[in-house]
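Each chain, letter by letter, is given below.
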Amino acid sequence: QVQLIESGGGLVQAGGSLRLSCAASGRTFSNYGMGWFRQAPGKEREFVAAITGSGGNTDYADSVKGRFTISRDNAKNTMYLQMNSLKPEDTAVYYCAARGRAWVTRKGDDYYYWGHGTQVTVSS
């Protein structure tokens, strides 16, 4: 069983930056591929970024590539999402997710554990 707690959301102006964190409980954090997803009001949940258990491989949605950076610190059981050059269309609730395998996918249904989410609001 893995519990995930997100933090770091907030209100920021367009062009600004935020850093999200996802703290995980449980053992052997490095065994879990991790991802960030987001859901804006009235829209479906969408993939943002993912990172393999070792942290050696990452994947990004085209909409955030070059602006967001996903990373993890396995010694601290924590994953991060550095978000730069934020746009109003990045406004959403951001969720971290973990799957029971070290590699990752873009499909939310492949992730077994989810946090409760943190709100990110980007004003124009």
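Just so it is clear, the model here is predicted, and its values are computed rather than measured.

(A) Molecular detail of the overall build of the chain. In terms of helices and strands, the chain carries 0 helices and 11 strands. Rg of the C-alpha trace for the chain: 13 Å, near the compact-globule value of 14 Å for 124 residues, within the 12% margin. Overall size of the chain, expressed as C-alpha extent along the three principal axes, is 40 × 25 × 25 Å. For the chain, with 124 residues in total, the buried portion stands at 45%. By sequence separation, contacts in the chain at least 24 residues apart represent 59% of the contacts at least 6 residues apart. Counting only carbon and sulfur atoms, one obtains 45% of the accessible surface of the chain, whose full area is about 6,400 Å². Here the chain contributes 14 positive and 10 negative side-chain charges, whose respective centroids are spaced 5 Å apart.

(B) View of the pairing of strand 5 (residues 46-51). Strand 5 sits mainly inside the fold: 5 of its 6 residues count as buried. When strand 4 (residues 34-39) meets strand 5, the two strands line up antiparallel, connected through 5 bridges. By the bridge assignment for strand 5, arginine 38 is matched with glutamate 46. In textbook terms, the turn of a hairpin is the stretch between consecutive antiparallel strands, and for strand 4 and strand 5 this stretch comprises 6 residues, one of which, glycine 42, has a positive phi near 75°. Where strand 5 meets strand 6 (residues 58-60), 3 bridges bridge the pair, whose relative direction is antiparallel. Note that in strand 6 the partner of alanine 50 across the bridge is aspartate 59. What sits between strand 5 and strand 6 in their antiparallel hairpin is a turn of 6 residues, with glycine 55 showing a positive phi close to 85°.

Scoring rules and cut-offs
Residues numbered from 1 in each chain as written. Predicted model: local features only at pLDDT ≥ 70, side-chain atom pairs only at ≥ 80, totals over all residues. Heavy atoms only, no water. Helix = DSSP H or I, 4+ residues; strand = E, 2+ residues; numbered from the N terminus. Rg over C-alpha atoms; globule rule 2.2 N^0.38 Å. Buried < 20%, exposed > 50% of the residue type's maximum accessible area, 1.4 Å probe, protein only. Contact = heavy atoms within 4.5 Å. Areas by Shrake-Rupley, 256 points an atom, 1.4 Å probe, with all protein chains shown as cover. Lys, Arg positive; Asp, Glu negative; His and termini not counted. Charge placed at Lys NZ, Arg CZ, Asp CG, Glu CD. Pairing = 2+ DSSP bridges.

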